[in-house]
Amino acid sequence: MGSLFRSEEMSLCQLFLQSEAAYACVSELGELGLVQFRDLNPDVNAFQRKFVNEVRRCDEMERKLRYLEKEIKKDGIPMLDTGESPEAPQPREMIDLEATFEKLENELREVNQNAEALKRNYLELTELKHILRKTQVFFDEMADSHREEEQVNLLGEEGIRAGGAGAQGQNLKLGFVAGVILRERLPAFERMLWRACRGNVFLRQAMIEDPLEDPSNGDKVYKSVFIIFFQGDQLKTRVKKICEGFRATLYPCPEAPTDRREMAMGVMTRIEDLHTVLGQTQDHRHRVLVAAAKNLKNWFVKVRKIKAIYHTLNLFNLDVTQKCLIAECWVPLLDFETIQIALRRGTERSGSSVPPILNRMETFEDPPTYNRTNKFTNAFQALINAYGVASYREMNPAPYTIITFPFLFAVMFGDLGHGLIMALFGLWMVLKEKPLAAKKSDNEIWNIFFGGRYIIFLMGVFSMYTGFVYNDIFSKSLNLFGSAWSINYNTSTVMSNKALQLDPKGLDYAQTPYPIGLDPVWQVAPLNKIIFQNAYKMKISIIFGVIHMLFGVFVGLFNHRYFKNKMAIYCEFIPQVIFLVFLFFYMTLLMFIKWVKYSASSETVEFSAGCAPSILITFINMVLFKAPEEGGDCSPYMFAGQAGLQKFLVVVALLCVPWMLLAKPILIMRGRKEAAHQPIVPYSNENGDADGAGLNHSATAPAGQPQQQGAGHGHDNEEMSEIFIHQGIHTIEYVLGSVSHTASYLRLWALSLAHAQLAEVLWNMVLQNGLKQDGWIGGVALWAVFAFWAVLTVGILVLMEGLSAFLHTLRLHWVEFQSKFYAGLGYAFQPFSFEVILETSSSSTED
């Protein structure tokens, strides 16, 4: 948990591995997931690295596994997933895996090719069967009296007479072709035949009722049988070309009925044989896929681990003897011993006798940022990282966000009922997180909700608390402790007046406030309820905002102390605190003084509620050095000496502006002048040797330790004009930001009132109408109205209003809070981890 407040101390290390032990050692480090390797060959092409052939072999194996996976999913075969992660295989096992995958792929491709050929034959025989059946009907029709009419249409009456008189009375015979065509192409096919042949052909067609399977892609298609009658070879050639253009399949069809019957019997016999062979082929394919499905997940894990290891080994350097691999890596100091144990374990697995060497190095480079998180803190850390990764050893806002984020959200979303809905939804995801995580949904919105399940649960719980304080549940109140107010009017007065007010000075108020939160009497005071809640929520918004910003400034003090930056403490932290406290924190103190000192039941006129001065007017007069107007018996001041104190506070706060603007650049300028007049002292090492690198060595610190900043404080290479400009921008941003950020916290007040008013509108305009109905009609109406009200409540007040409050809370943390201390200019620690690699690979495969 300590690293959550400030990132882990990191060290840059140099790792020496024997070539025969490198694979096993990197495998152990991948299982551990605590080492980030650096690329020592940035200028070397990916295709020129040492282990590029092994990476290509892994790519080929992964391609074969994806092909098997596609075929398994096509057949709907469940894949066994035990959730276990097998260890990375030894390099010699790659040959066995390659042989296994090659055998499975070849066998499956051969089975698929045979099955496709059989299906194609089966389709052709099925189409031929339908042609023989349908054309029999056509030929039967041609034998009746319509034959002569069709011949007249085709040949004309003169042709019939000539045919009857010549050739010893022999009738002219028509030629024909028969085939099958897709049903959607049939109208266009018929039109083309009519136009190309000029109406000299006769087309008959009939639909095939059952869909046929396309052997190439397995889709179901609908086709029709057709037969075309024509006369002459010229028309025959033209008809065949048209059939070829429309991709119609032509089949031989005998003219004699006996020949057609014999062919039909032969076709049926062959179809039965093919059906049997197809069934056996499908059974064999299914057995092969079922056997592969049992090991497919483990095979994917093994191949991806092997590929990741060789990809990491490509980042290493080879020494001149080609027997040792050299790597550079970032490691957390706390895990240094754990990493060394893993390296020794990898060396023992490989059988090498030379132990690996892990040496710490000194560097000027900024280490990566590593914050240890668990499933609870990870979501809050993700909110911070979305703004920017913390600089190395910078204070991390995540642990404070765990409390402040749901609390500020709840101030805007305060409703006991709506908070309960949100808390129950978050609690359900928390309790069911293991089965829900195992499903791995492709829905991005659901993944966002599930990833932030603990945030949602805490936001719901805190909203229940603030809803209890506001005494607001679905826009209604709970009278748990009894109201401190009572009605002292008679019945006639109450019934004859629409609006009555209770007097807090008399017997109407018991002079003892409601124990927790708001008194439920405000629910029945529509005239001044908004006025009261406006003043109340606006003031607590400013109070929470000033405290939140002050806390951010004090968190920045821990950054300055850790990096031993005393200049930042004296030139930035102290004037910032004084400016914020003397102006805005003083304003919040005035609010508490006003609440405590002034009362409607006060016996002194000066301290009565009517004489309470306005906090906003008092603050404006204070900043403008303007004397408030006297108001008879009412004093414009809340305590003695307030005028002088306010002038003192404003003057000191204004003096902090040039303090922040000039102090740091002047000290840097003076430090440079002093350093320029100091003589250069040669640096002596342990052997007494002197060199001229003393200035560089004085600024060098071991990796993982805060550097001692000199007079320049990190601005040694920066021009003074740039330092003045930078400090001026920083000062203006802080001074103006203090005003705008304080006003920005008023969104807590605005969204809280908007949420409460929306809930009240839904109650009065929707649910209340269902409650007014009597009898069984009222029950039915209430059921329908309640369903409508529930949908609007969840959809608008919980989801949309919840999202709005979430985004506003995120802005308050990113801009108003984190700007006081958080730079977020670092880069994340990305260790070589099999777990992360496998999760990324599986998600990309599913997409």
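First, a word on what this report is: a plain description of the structure on this page. (Residues numbered from 1 in each chain as written. Predicted model: local features only at pLDDT ≥ 70, side-chain atom pairs only at ≥ 80, totals over all residues. Heavy atoms only, no water.)

1. Some details on a nonpolar patch on the surface
Next, step 1: On the surface, a nonpolar cluster with roughly 790 Å² of combined accessible area is contributed by Phe425, Trp428, Ile445, Phe449, Leu758, Val794, Ile796, Leu799 and Met800.
Next, step 2: The set of elements that each furnish at least two residues to the nonpolar patch consists of helix H13 (416-431), helix H15 (444-451) and helix H25 (775-817).
Next, step 3: A per-element tally of the nonpolar patch places H25 first, with four residues.
Next, step 4: Summarising the element assignment, Val794 is placed in helix H25.
Next, step 5: The class for Val794 is partly exposed, based on a relative accessible area of 36%. (Patch = residues over 30% accessible without salt bridge, like charges linked within 9 Å, V, L, I, M, F, W, Y side chains within 5 Å. Areas by Shrake-Rupley, 256 points an atom, 1.4 Å probe, with all protein chains shown as cover. Salt bridge = Lys/Arg side-chain N within 4 Å of Asp/Glu carboxyl O. Helix = DSSP H or I, 4+ residues; strand = E, 2+ residues; numbered from the N terminus. Buried < 20%, exposed > 50% of the residue type's maximum accessible area, 1.4 Å probe, protein only.)

2. What about the nonpolar core?
Next, step 1: Judged by nonpolar contacts, the single largest core of 69 residues is most densely connected at Phe579, Leu583 and Phe584.
Next, step 2: Residues in contact with Phe584, not counting those within four places in the same chain, are Val546, Phe579, Phe619, Ser738, Val739 and Thr742.
Next, step 3: Core analysis: the next-biggest nonpolar cluster, separate from the first, contains 59 residues, Leu12, Leu65, Phe101 and Leu325 among them. (Core = buried A, V, L, I, M, F, W, Y, C linked by side-chain atoms within 4.5 Å. Contact = heavy atoms within 4.5 Å.)

3. Re empty space enclosed by the protein
Sizing a probe to match a water molecule and rolling it over the atoms shows the empty space that remains.
Next, step 1: If you walk through the whole model with that rule in mind, you get two cavities of 30 Å³ or more.
Next, step 2: In this structure, the largest cavity occupies an estimated 140 Å³ of space.
Next, step 3: Its residues placed into classes, the lining of the largest cavity shows five nonpolar, six polar and five charged.
Next, step 4: In this structure, the second largest cavity occupies an estimated 40 Å³ of space.
Next, step 5: Contributing to the lining of the second largest cavity are Phe468, Asn471, Leu478, Leu480, Phe481, Tyr514 and Ile516.
Next, step 6: Split into classes, the residues belonging to the lining of the second largest cavity amount to six nonpolar, one polar and no charged. (1 Å grid on protein atoms, 1.4 Å probe; cavity = no way out; pocket = protein on both sides within 12 Å on 5 of 7 lines; lining within 4 Å. Points joined across faces, edges and corners; volume = space filled by probe spheres on them. Nonpolar A, V, L, I, M, F, W, Y, C, P; charged D, E, K, R; others polar.)

4. Some thoughts on the packing of aromatic side chains
Next, step 1: Per the counting criterion, the structure on display carries 40 aromatic pairs.
Next, step 2: Ring plane angle 80 degrees and centroid distance 5.1 Å describe the contact between Phe407 and Phe544, whose orientation is recorded as edge-to-face. A residue pair is termed long-range when its members are at least 10 positions apart, and Phe407 in helix H12 (residues 398-412) and Phe544 in helix H18 (residues 529-562) qualify at 137 residues.
Next, step 3: Residue Phe407 is classed as partly exposed on the basis of its relative accessible area, which comes to 22%. (Phe/Tyr/Trp six-rings, centres within 6.5 Å; stacked < 30°, edge-to-face > 60°.)

5. Points about the pattern of salt bridges
Two side chains that carry opposite charge are able to pair once their charged atoms sit near each other.
Next, step 1: According to the stated counting rule, one finds 30 salt bridges in the structure shown.
Next, step 2: Residue Arg38 pairs with Glu328 through a salt bridge whose shortest N-O separation is 3.3 Å. Taken as a pair, Arg38 in the loop between strand E2 (36-37) and helix H3 (52-74) and Glu328 in strand E10 (residues 324-332) lie far apart in primary sequence, 290 residues in all.
Next, step 3: Residue classification places Arg38 among the partly exposed residues on the basis of a relative accessible area of 25%.
Next, step 4: In this structure Glu328 comes out as buried when scored by relative accessible area, which is 15%.
Next, step 5: Lys307 is paired through a salt bridge with Asp59; the nearest N and O atoms lie 2.7 Å apart. Residue Lys307 is located in helix H9 (residues 296-313), and its partner Asp59 is located in helix H3; the two are separated by 248 residues in the primary sequence.
Next, step 6: Three or more residues are tied together by salt bridges with common partners; here these are Asp59, Glu62, Arg304 and Lys307.

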